[in-house]
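# Summary of structural features
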Amino acid sequence: MSKASELIADSIIGQSFVTVLIAGKAYTIYPPVIKVICRAISAFSKVNLKEEYTRLSILGEIPVNTPYIINGMAALLAGNTRIWRWKKYWIKKKLQSATIKELNDAFISIIPLIGGDDFFAIATCAKSVTTMVAKAK
């Protein structure tokens, strides 16, 4: 089955998840709930990159910023469970053995699950409602 037909079949059936292979282990990620997104974004917000880098200077940033990326990815992979802290801890341990390419591929696969389209639609609608209510007649 081609990638496009898989996406269409999944959207019809209502399955929206991604399975990624990181450090020799397969993880299935479902669309995260708001609190999981907040946990991940909290970690990702600590990544500190300057505007311009050379190929050599970017290598110096790997040890500084990778823990934040791994922490955010682990939060997304742990999901919304009662024992998320425990799961996140063990997933972080596994992700430390991952390659940068594996982390990048997983991140690119997860981003569409988070997507800002739905949030943008809600925010736009809420703003419209407040504008309609606040208008003086």
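Below or above, wherever it landed, is the structure these notes cover. Keep in mind it's a predicted model, so treat the numbers as computed, not measured.

### Overview of the packing of aromatic side chains
- This model, assessed by the stated rule, comprises 4 aromatic pairs.
- Ring centres of Phe44 and Phe107 lie 5.2 Å apart, and the angle between their planes is 85°; on these two criteria the pair is classed as edge-to-face. One end of the pair, Phe44, is in helix α2 (residues 34-44); the other, Phe107, is in helix α5 (residues 100-114), and 63 residues separate them in sequence.
- Assessed through its relative accessible area of 29%, Phe107 is described here as partly exposed.
- Measuring from centroid to centroid gives 6.4 Å for Trp86 and Trp90, while their planes differ by 65°, and the two rings are edge-to-face. Here Trp86 pairs with Trp90, and both are found in helix α4 (residues 84-95), just 4 residues apart, close to one helical turn.
- Aromatic rings pair up to connect Trp86, Tyr89 and Trp90 into one cluster.
- Across the ring face of Tyr27, the terminal group of Lys25 is positioned such that the distance to the ring centre comes to 5.1 Å.
- Positioned above the aromatic ring of Trp84, the side-chain terminus of Arg39 is 3.7 Å from the ring centre.

### A short note on the pattern of salt bridges
- The final tally for this structure, using the stated rule, is 1 salt bridge.
- Among the salt bridges present, the one from Asp105 reaches Lys101, with a minimum N-O distance of 3.4 Å. With Asp105 and Lys101 both in helix α5, this residue pair falls 4 residues apart, about one helical turn.
- Its relative accessible area of 35% is what places Asp105 among the partly exposed residues.
- Residue Lys101 is classed as exposed on the basis of its relative accessible area of 57%.

### Some thoughts on the nonpolar core
- Judged by nonpolar contacts, the single largest core of 22 residues is most densely connected at Val20, Ile22, Met73, Leu77, Ile91 and Leu95.
- Of all the elements in the fold, those that place two or more residues in this core are β1 (18-22), β2 (25-29), α2, α3 (55-78), α4 and α5.
- With 7 residues, α3 is the single largest residue contributor to this core.

### Focus on the packing of α3 against α5
- The N-to-C vectors of α3 and α5 enclose an angle of 45°; their axes lie 11 Å apart at closest approach. Classified by the angle between their axes, α3 and α5 sit oblique to one another. For the pair α3 and α5, the crossing hand works out as left-handed. Side by side, α3 and α5 meet where Ile62, Ile70, Met73 and Leu76 of the first sit next to Ile100, Leu103, Ala106, Phe107, Ile110 and Ile114 of the second.
- Residue composition of the contact of α3 with α5, grouped by class: 10 nonpolar, no polar and no charged.

### Observations concerning α4
- Between its first and last C-alpha, α4 extends 16 Å over 12 residues, near the 16 Å set by a 1.5 Å rise per residue.
- Buried within α4 we find Trp84, Lys88, Ile91 and Leu95. The buried side chains of α4 occupy one side of the element, clustering within an arc of 70° when seen end-on. Opposite the buried face of α4, at more than 90 degrees from it, the exposed residues are Arg85 and Trp86.
- Each element contacted by the buried residues of α4 is listed here: β1, β2, α2, α3 and α5.

Definitions and limits used
- Residues numbered from 1 in each chain as written.
- Predicted model: local features only at pLDDT ≥ 70, side-chain atom pairs only at ≥ 80, totals over all residues.
- Heavy atoms only, no water.
- Phe/Tyr/Trp six-rings, centres within 6.5 Å; stacked < 30°, edge-to-face > 60°.
- Helix = DSSP H or I, 4+ residues; strand = E, 2+ residues; numbered from the N terminus.
- Buried < 20%, exposed > 50% of the residue type's maximum accessible area, 1.4 Å probe, protein only.
- Lys NZ or Arg CZ within 6 Å of the ring centre and 35° of its normal.
- Salt bridge = Lys/Arg side-chain N within 4 Å of Asp/Glu carboxyl O.
- Core = buried A, V, L, I, M, F, W, Y, C linked by side-chain atoms within 4.5 Å.
- Axes fitted to C-alpha atoms, helices over the stretch in contact; angles between N-to-C directions.
- Parallel < 35°, antiparallel > 145°, perpendicular 65-115°, else oblique.
- Left-handed = near helix turned anticlockwise from the far one by under 90°.
- Contact = heavy atoms within 4.5 Å.
- Nonpolar A, V, L, I, M, F, W, Y, C, P; charged D, E, K, R; others polar.
- Expected span 1.5 Å × (residues − 1).
- Arc of directions from axis to C-beta.

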